[in-house]
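# Coordinates in review
Here is how the chains run, residue by residue.
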Amino acid sequence: MIPDGALTRTPAAGVCLSSAGFESIVRGLTSALAVLASDEVVQLRTPPVIAREIIEKAGYDKTFPHLLGRVFARADSGVTAESDLVLLPAGCYCVYPLYTGVRLGAAVELSVEATCFRQEEQAEAGRLRSFRMREFVRLGTADQCLAWRDDRLAAAGEWLADLGLEAESAVAADPFFGSGDRMLRMLQIERELKIELRVAVAPGQVQAVASANCHTDQFGRLFDIADAHGDVAHTACLAFGYERLALALMHRHGADPRRWPDRVRKILSLGAPQ
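This one's a predicted model, so the numbers in the text were calculated from it and none came from an experiment.

As a further point, take the pairing of strand S10 (residues 194-202). Judged by how many residues are buried, S10 sits mostly within the fold: 7 of 9 residues are covered. Sheet topology note: the strand S9 (residues 168-172)/S10 ladder contains 5 bridges and is antiparallel. Among the inter-strand pairings, Ser 169 is bridged to a residue of S10, identified as Leu 197. Taken together, the 8 bridges between S10 and strand S11 (residues 205-214) define a ladder with antiparallel strand orientation. Its bridge partner being in S11, Val 199 is matched across the sheet by Gln 207. Between S10 and S11, which pair antiparallel and follow one another directly, the connecting turn spans 2 residues, one of which, Gly 204, has a positive phi of 70 degrees.

We now examine the packing of aromatic side chains. Counted by the stated rule, this structure contains 7 aromatic pairs. Geometrically, the ring pair formed by Tyr 60 and Phe 64 is tilted, given 6.4 Å between the ring centres and 35 degrees between the ring planes. Residue classification places Tyr 60 among the buried positions, given a relative accessible area of 2%. Phe 64 gets classed as partly exposed once you look at its relative accessible area, which sits at 21%.

The phi dihedral of Thr 216 is positive, around 50 degrees, even though this residue is not glycine. With respect to the element layout, Thr 216 can be found in the loop between S11 and helix H6 (218-222). Phi at Ser 269 is positive, roughly 55 degrees, even though this residue is not glycine. Tracing the backbone shows Ser 269 in the segment after helix H8 (262-267). Here Ser 269 falls in the exposed class, since its relative accessible area comes to 56%.

Quick notes on the rules
Residues numbered from 1 in each chain as written. Predicted model: local features only at pLDDT ≥ 70, side-chain atom pairs only at ≥ 80, totals over all residues. Heavy atoms only, no water. Buried < 20%, exposed > 50% of the residue type's maximum accessible area, 1.4 Å probe, protein only. Helix = DSSP H or I, 4+ residues; strand = E, 2+ residues; numbered from the N terminus. Pairing = 2+ DSSP bridges. Phe/Tyr/Trp six-rings, centres within 6.5 Å; stacked < 30°, edge-to-face > 60°.

Following this line, the structure appears as structure tokens:
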């Protein structure tokens, strides 16, 4: 169940309208998450579409074709055909092409805000087909990316605790390893390359509000990115879902942000209660 005053369902499952109060929480989360970025972070905002060739190169269309939103356009001739664009499934896919053929002088960190789409089969609270995310992406050596992932994951857990959210950490798998290769996904779980922070977003509904990933050299190889030593670069990312975080806060503290604890309101810059 979605809290009153948060999101309004539309005829399209998993697509919701948000209230002004809900958006004030999202704006607070946007600014508050800045504390998790380094001073050198490059800030990016990506549109909700991406070149189809990038997603195909990354193997997402092979691994999760049922989640991918394709764009079709009608030409002047009247023929409708698939466009060169697809709907963006995750913000980090916009980063790697920027470094194609680049040898990094040092590790690089970027922050990407994105509107994403996944053709989810279910539409329970927090599982939206159109949603927003903030992603921090790291490119560098294997050691740099793993250390960064672990450090940022710990900071994320502390940040959630400051907001009054008790997150459980869980090892998971995701679509970064192409062609649906079961062995690679099993390896991802065995090596704990993806870790989720899960929080209750509704009664009896626990979902990941953040996830941290080490992709090893998957994207470095695909996009010909080298680290400072000339080896294939590794990458890692830490992603937060805005709608899920807002729902988790409303579930924990109530539907009215004016009644939330002062410390939470301060972190989210919500101002003094009216």
